[in-house]
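Chain by chain, the residues run as shown.
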Amino acid sequence: MLEHEAAPTGHWDELRGEVSSPKSDTARSISAPWQRFLAPFLAPLDQTAQTHEATMNADLNTRMANLQRQVRDNGITYNVYASADQPQRPWSLDLFPLMLSHTDWQQIEAGVMQRMQLLERIMADAYGPQQLVLRGQLPAALVQGHPAYLPAMHGVAPVGGRYLSLAAFDLARGPDGCWWLLSQRTQAPSGLGYLIENRQIVSRLFPQAFEAFPVQRLANTYRTLIDGIKARSPAGASAHIALLTPGPYNETYFEHAYLARYLGLSLVQGNDLTVRDQKLYLKTLQGLQPVHGLLKRVDDDWIDPLELRADSTLGVPGLLQAVRSGNVLVANTPGSGFLESNALLGFMPGLARELLGQELQLPAIPSWWCGEAAALQDVLPRIADCVIKPTYPHHTDRHSFEPVLSHRLSPPEQAEWAQRIARDPDAHTLQSWLPLSHQPTWQTGPDGAFSIQSRPVVLRVFAVVDAQGGWQVLPGGLARLGTREGIASMQRGGSSADVWVQSPAAAPQASSRGQGPSPMTTAAPTQTQNQSQSQSQSQTPSPLQPTTPAQPTTTATTSTPAASDAVAQRQRLVTSRAAENLFWMGRYTERTENTLRLVRLSLEILGSENQNLPCLLNFITRLATRHGLVRAGVPAAAQAHRVFERSLIAGLWDQELATSVGFNLRSVRLAAASVRERLSPEHWRLLEQAESRFFQQAKRPGLAQSTPDALPDTVAVQRLLADTSQMLAALTGAQTDRMSRDDGWRLLSMGRHIERLEFLSHALSEAVQLGLIEEQAGFDAVLDLFDSTISFHAQYQQSRTPHALVDLLVTDPDNPRSLGWVAHTLRSRLKRMGHLADGASLPLAERLPALIELRPEALWPLDNSQDDTSRGAGSKTSPGATTPAMGQTWPLQATLGQCQSAAREVSDQLCSLFFTHSGEARYSVGA
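All of these numbers come straight from a predicted model, not from anything done at the bench.

**Student:** Please explain the overall build of the protein chain as it appears in this structure.
**Tutor:** Helices and strands together make up the secondary structure of the protein chain, namely 27 helices and 22 strands. Burial status across the protein chain gives 56% buried among its 927 residues.

**Student:** Got a minute to help me understand the environment of Gly-335 in this structure?
**Tutor:** When you line up the elements, Gly-335 lands in the loop between strand 12 (329-331) and helix 10 (348-355). Sequence separation between Gly-335 and Thr-186 is 149 residues; the distance between their C-alpha atoms is 9.4 Å.

**Student:** Sorry if this is basic, but what is going on with the pattern of salt bridges here?
**Tutor:** Any two side chains of opposite charge can pair, given that their charged atoms come close. Inspection of every chain in the model, using the stated rule, returns 37 salt bridges. Between Arg-591 and Glu-755 there is a salt bridge; the shortest N-O distance is 2.8 Å. Residue Arg-591 is found in helix 14 (residues 576-606), and its partner Glu-755 is found in helix 20 (residues 743-769); the two are separated by 164 residues along the sequence. Judged by relative accessible area, Arg-591 falls into the partly exposed class, the value being 22%. For Arg-904, the salt bridge goes to Glu-758, with nearest N and O atoms at 3.3 Å. Separated by 146 residues along the polypeptide, Arg-904 in helix 27 (residues 891-914) and Glu-758 in helix 20 bring together distant segments of the chain. Judged by relative accessible area, Arg-904 falls into the partly exposed class, the value being 38%. Glu-758 sits in the buried class, given a relative accessible area of 15%. Each of Arg-587, Arg-591, Glu-755, Glu-758 and Arg-904 takes part in one network of salt bridges that share partners.

**Student:** So what exactly am I meant to see when it comes to the sheet that holds strand 8 (residues 273-276) here?
**Tutor:** Across a sheet, paired strands are connected by hydrogen bonds in the backbone, their directions being either parallel or antiparallel. A sheet is described by the order of its strands in space; here three strands give the open sequence 8-9-10, paired in antiparallel fashion. Where the open sheet ends on each side, the last strands, each with one partner, are strand 8 and strand 10 (287-290). The mean angle between the axes of side-by-side strands here comes to 45°, regardless of whether they run parallel or antiparallel. In the sheet, strand 9 (residues 279-284) pairs with strand 10 via four bridges, with the strands oriented antiparallel. What sits directly across from Lys-283, in strand 10, is Leu-288.

**Student:** I would appreciate a short explanation of the packing of helix 14 against helix 15 (residues 614-626) in the present structure.
**Tutor:** Think of two packed helices as two axes; the pair is described by the angle between the axes and how far apart they sit. The contact between helix 14 and helix 15 brings their axes to 10 Å, and the two run at 150°. Taken together, the axes of helix 14 and helix 15 lie roughly antiparallel to each other. The crossing of helix 14 and helix 15 is left-handed. Taking contact as the criterion, the partners of Leu-598, Ser-602, Ile-605 and Leu-606 in helix 14 are, on helix 15, Leu-616, Leu-617, Ile-620, Leu-623 and Ala-624. When the residues that make up the contact of helix 14 with helix 15 are grouped by side-chain class, the tally is eight nonpolar, one polar and no charged.

**Student:** Even after reading the chapter, I still don't get the pairing of strand 9, so can you show me in this structure?
**Tutor:** The side chains of a regular strand alternate, first on one face of the sheet and then on the other. Side-chain alternation along strand 9 places Leu-280, Leu-282 and Thr-284 on a buried face and Lys-279, Tyr-281 and Lys-283 on a face that remains uncovered. Both strand 8 and strand 9 contribute to a ladder of four bridges, which runs antiparallel. Within strand 9, the residue paired with Leu-273 across the bridge is Leu-282. Between strand 8 and strand 9, which pair antiparallel in sequence order, lie two residues; one of them, Asp-277, sits at a positive phi of approximately 55°. Linking strand 9 back to strand 10 in an antiparallel pair, the connection comprises two residues.

Calculation rules
Residues numbered from 1 in each chain as written. Predicted model: local features only at pLDDT ≥ 70, side-chain atom pairs only at ≥ 80, totals over all residues. Heavy atoms only, no water. Helix = DSSP H or I, 4+ residues; strand = E, 2+ residues; numbered from the N terminus. Buried < 20%, exposed > 50% of the residue type's maximum accessible area, 1.4 Å probe, protein only. Salt bridge = Lys/Arg side-chain N within 4 Å of Asp/Glu carboxyl O. Pairing = 2+ DSSP bridges. Axes fitted to C-alpha atoms, helices over the stretch in contact; angles between N-to-C directions. Parallel < 35°, antiparallel > 145°, perpendicular 65-115°, else oblique. Left-handed = near helix turned anticlockwise from the far one by under 90°. Contact = heavy atoms within 4.5 Å. Nonpolar A, V, L, I, M, F, W, Y, C, P; charged D, E, K, R; others polar.

Okay, structure coming up:
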């Protein structure tokens, strides 16, 4: 089946290693790399071709299903338009890798390293003497006139001696079999995280082929990148490096979180950082911690609202001043965006000869900047054979647009574009259309049918700076697969593939630590470009292992400064934003559980034999109203059972009701999204599944009422609530046992306990006031709401006395649903936080009542001499205990009120202590 698929005529066929032609035989032999890849699938001698093909297809389809499941399980996403109201889009990965021979890689590696050196020279000139513009070798419109050029950085020496620490190059193989440069990315190139996941997934699906190729490893290049940034930063090897992300709504946020976790960096957003006295600091629970290096994934326009875009909420006020002062290394140095212009490619051959004294080894696709009159006159008559691209892409203050394939336009449309170009030539760049090489892909239709189809492929490779200031090219990359229409953009439906680079024959085929690219020897023969600025251009070891900096060796008897640094590096910093999100993640998780249990209890009461018991109906009405589970104006349960029930069910998924179960559940996921780098894939998958299943069920017919007179399916609703409750129990287990117990986890735990303490103490107070404890049904309802029914029957059997209830639900030190246990645990958490904020959490701990030290009799006094009339008519309380009369206040009620007020006070004080850093300095930026 595979051998019958071929690339379109005129395109390079990656499967066969040659250009496809009309006379080509699709059954001809495939290339050597693909033969090695398919060797494990060769047909046995005793199997017919037809049987073998069916077996092979079934095997590949199973592998594709495993691949897609792994993508979902790992939570790999790429969002075209990330939104809280839209489901995240799973990352698209193909089954087959793009395989590059060692000869191909030598051409790419040598050419990319040369171009990286050239870009560094151009950057140094643009922000230094600007001789290239003065001598007319670069138009000023492409440098100072480019919106991404930052005049504020002119004359500033780069921290660490290099402007560029990382760059990405998009390549395509032409019909001649050579690789051509399409574009280059220097501001915030993406893909480094996704390609790691691609490698881990695909290599495990084809372990024999991975070994037989053999494939160069990736891990060493990532270590090189971080070591290089640290070595060139002001603090050297002990530098604190952070990764700056726009936040969870960015389409590649998964990659940011994954890279931060893989590289051991602090994942930060703009509001996590502050500049004090021209130095960059991270807001943490431990106070302000210096940041010496910043790997940014935010475009330059947004990084400093003080000097750049004033409407930016993604950057750090004063960051450029900190860079100019040499106190922080930003990778890459702000202002590199002008290097991404497509128009610059046409001038690179001349610049290489001027700056490097060399011809370019990696040719770029012929490009013409229409701002040059000679180039415009030369290329405009041939517009039908070109791709129209913006000179200043992604900038709102200059004319920008999506690339246009002229050969797909009608003659009138081509003429219209020619007129547009003539009116504003500077904003347009024309490039020759290059027939992209095609790669076989495994496609599975919605009906489960599978097929092999050819797709265009673009290769993105990455170059990084090492600790010595040299360049290293990552031996692999991110292959982007296009659609049938030839589009290779991930935002427009494209896919991706792993990239296997063959190791040189002399290199070891296995390494437990991974190996970097082979040393560059002689470059493979390539075509060179001869274009001047006004002329047209001529034509089973593990594949990855997370790496961490080597720690100094210590002995049991000697303590060295290096050893102290190593221990200090093990202490995980918790940013104030992460701490706040963890705190509210805990609160929303507990709030969801509490409101879910309250809704379940209410529905059970409304459908039971106790549905006419006034105290129970008043109880669920008051609690549901207080916690916003029904809208204002809904009749009480005692007045209209079914109206209250329908309103309660409809409110489960009410998006406008900020206290609904659905709102709380979604808030858990949103808070977790901001600290995703701290969560395991299983933890994140639980969150997504709980939310998606809950909201998907709301669309089922009959689950919620479709008309005002229709009755909802309460059985189905109860089943959904039970399933959601089980998932929340699993989520609680993940939060309790699968997270490192640092200060961030303690805040998550305190958030849960604050919410539990306030909810349960208020619920018990309402139950006492309404006389629920006097009724067996009310007594059982309180136990159910506290999730302590089993514990009560195990300890007290059928002895339903107020003292037994108070003992289990208020003073018991072993029941995690007991107010005493909650308050005691919260006190201990606050004391563990005493090393922060000058011990400000210690007085907070003392404000929580020590309930486990009390006896039930102290909260519910015994008075055997009092007659039944003092207890009220109809009392069913067991002898030996009294019930408070109307208007009478007992110690239990006062204590419950104290619990509620203490929970609110502790919450407010924690927010003030740890989630803001106001008042620490009068000025945020040094003068």
